[in-house]
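# Structural overview for review
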Amino acid sequence: FKGTGSYLFGLQGGYNLMLPSRLVIGFEADFSAPNTIAGGQTVTSVSGGTASYRDTVLGMGTARGRLGYAFDHWLLYATGGFAWSYDRLERTQLAGTPLVGNAAIGTVDTALTWRLGWVAGIGAEMPVAPHWTAKAEFLASEFGDHRKSLAASAEQLNSNLSVQRLQVGLNYQLG
């Protein structure tokens, strides 16, 4: 399944400490609600009839460490840590009847699931006004394979999720 061209909005919070050497260490956590990170496929088989499968990311977030170097008015950094997502898996029976289970035509089987994984990336941040900074970062998240049982069709849906995203943000710095 592929979901491309999505956008997301979210919130972030964190803390940075700049050492006298201009080395910056920090922590950041974020939450995002994507609009269309989803994938779907229609499958026909002798044992299951024709069904459509859909996997939709409802929310995702990270908790990461940050290590960077500040020079002039720029901060360049690397980041990495823990990632999670909350997904909705759907199976809709389009034609035929599965050999196992009770999924009549039109039956929608839904399951919600949490995924845990890792995230790593790089970024840059610069001041734009007193107490305000702008940042851009690239993050790659990997959640691997995930299996979830669907009751009506008596099937297990196996889904794989990896996300690469370019984020831009505006930060307000306290203190």
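Residues numbered from 1 in each chain as written. Predicted model: local features only at pLDDT ≥ 70, side-chain atom pairs only at ≥ 80, totals over all residues. Heavy atoms only, no water.

### Let's talk about the pairing of strand S7 (residues 132–150)
Bridge count for strand S6 (residues 108–129) against S7 is 11 bridges, and the pairing is antiparallel. Its bridge partner lying in S7, Val119 is registered against Ser141. The loop that links S6 with its antiparallel partner S7 comprises two residues; one of these, His131, has a positive phi angle of about 70 degrees. With 18 bridges connecting them, S7 and strand S8 (residues 155–172) associate as antiparallel partners. The residue of S8 that forms the bridge with Gly144 is Leu161. Connecting S7 to the next strand, S8, in antiparallel fashion are four residues, including Ala154 with a positive phi near 55 degrees. (Pairing = 2+ DSSP bridges. Helix = DSSP H or I, 4+ residues; strand = E, 2+ residues; numbered from the N terminus.)

### A word on the packing of aromatic side chains
Counted by the stated rule, this structure contains five aromatic pairs. Considering the side-chain rings of Phe31 and Trp84, the 6.0 Å spacing of their centres and the 20 degrees angle between planes classify their relative orientation as stacked. Separated by 53 residues along the polypeptide, Phe31 in strand S2 (residues 23–34) and Trp84 in strand S5 (residues 74–95) bring together distant segments of the chain. Measuring from ring centre to ring centre gives 4.6 Å for Tyr86 and Trp114, while their planes differ by 45 degrees; the resulting arrangement is tilted. One end of the pair, Tyr86, is in strand S5; the other, Trp114, is in strand S6, with 28 residues separating them in the sequence. Of the residues examined, Tyr86 reaches a relative accessible area of 24% and is grouped as partly exposed. For Trp114, a relative accessible area of 54% gives the class exposed. An aromatic cluster of three or more residues is present, and its members are Phe31, Trp84, Tyr86 and Trp114. (Phe/Tyr/Trp six-rings, centres within 6.5 Å; stacked < 30°, edge-to-face > 60°. Buried < 20%, exposed > 50% of the residue type's maximum accessible area, 1.4 Å probe, protein only.)

These results come straight from atomic positions and should not be treated as a statement about function.
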